[in-house]
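Chain residues, written in single-letter form:
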Amino acid sequence: MVEKIQKRLTEEGISFSDVSEYGNGKVDIVIEWGDWKHDHLYCDVIMKELGYELATETELETDGSDCYSAIRSYSPKN
């Protein structure tokens, strides 16, 4: 599934640096200095289409602008 997610994020121009999948079906995506709307929120839309929902977001870096870095953690939709 990681390869499918990476391919889709790349096709859509999302500025991610890592996608990790865990045994429980959880997926973490690291978005580096992505715009809140065009990268972070759009990533949620893409993941929803792939059958996931946002579980948590952990901010890594921010400078007060519309761009920030974060780990977005997704769980499979039931």
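The text that follows walks through the structure, step by step, so that each part is easy to find.

Two elements in contact, helix α1 (residues 2–11) and helix α2 (residues 36–49), have axes separated by 11 Å at closest approach and are oriented at 135 degrees. When the axis of α1 is compared with that of α2, the two are oblique. Considering only the axes of α1 and α2, their crossing is right-handed. Note on element contacts: α2 touches α1 through C43, I46, M47 and E49, opposite I5, R8 and L9.

For E21, the position within the fold is in strand β1 (residues 16–21). Separated by 42 residues in the primary sequence, E21 and D63 place their C-alpha atoms 29 Å from one another.

So, about the pairing of strand β3 (residues 52–62). On a regular strand, each side chain points to the face opposite its neighbour's, so the side chains alternate between the two faces of the sheet. Strand direction decides the pairing type here: β3 and strand β4 (residues 67–76), joined by nine bridges, are antiparallel. What sits directly across from Y52, in β4, is P76. Linkage of β3 to β4, two consecutive antiparallel strands, is achieved through a turn of four residues, within which G64 is found at a positive phi near 90 degrees.

Attention shifts here to the packing of aromatic side chains. Under the defined criterion, the tally for this structure stands at zero aromatic pairs. Positioned over the ring face of Y22 is K26, at 5.7 Å from the centre of the ring.

The next point concerns unusual backbone geometry. Positive phi, close to 45 degrees, is recorded for W33, a residue that is not glycine. You can see W33 is positioned in strand β2 (residues 27–35).

How each quantity is defined
Residues numbered from 1 in each chain as written. Predicted model: local features only at pLDDT ≥ 70, side-chain atom pairs only at ≥ 80, totals over all residues. Heavy atoms only, no water. Axes fitted to C-alpha atoms, helices over the stretch in contact; angles between N-to-C directions. Helix = DSSP H or I, 4+ residues; strand = E, 2+ residues; numbered from the N terminus. Parallel < 35°, antiparallel > 145°, perpendicular 65-115°, else oblique. Left-handed = near helix turned anticlockwise from the far one by under 90°. Contact = heavy atoms within 4.5 Å. Pairing = 2+ DSSP bridges. Phe/Tyr/Trp six-rings, centres within 6.5 Å; stacked < 30°, edge-to-face > 60°. Lys NZ or Arg CZ within 6 Å of the ring centre and 35° of its normal.

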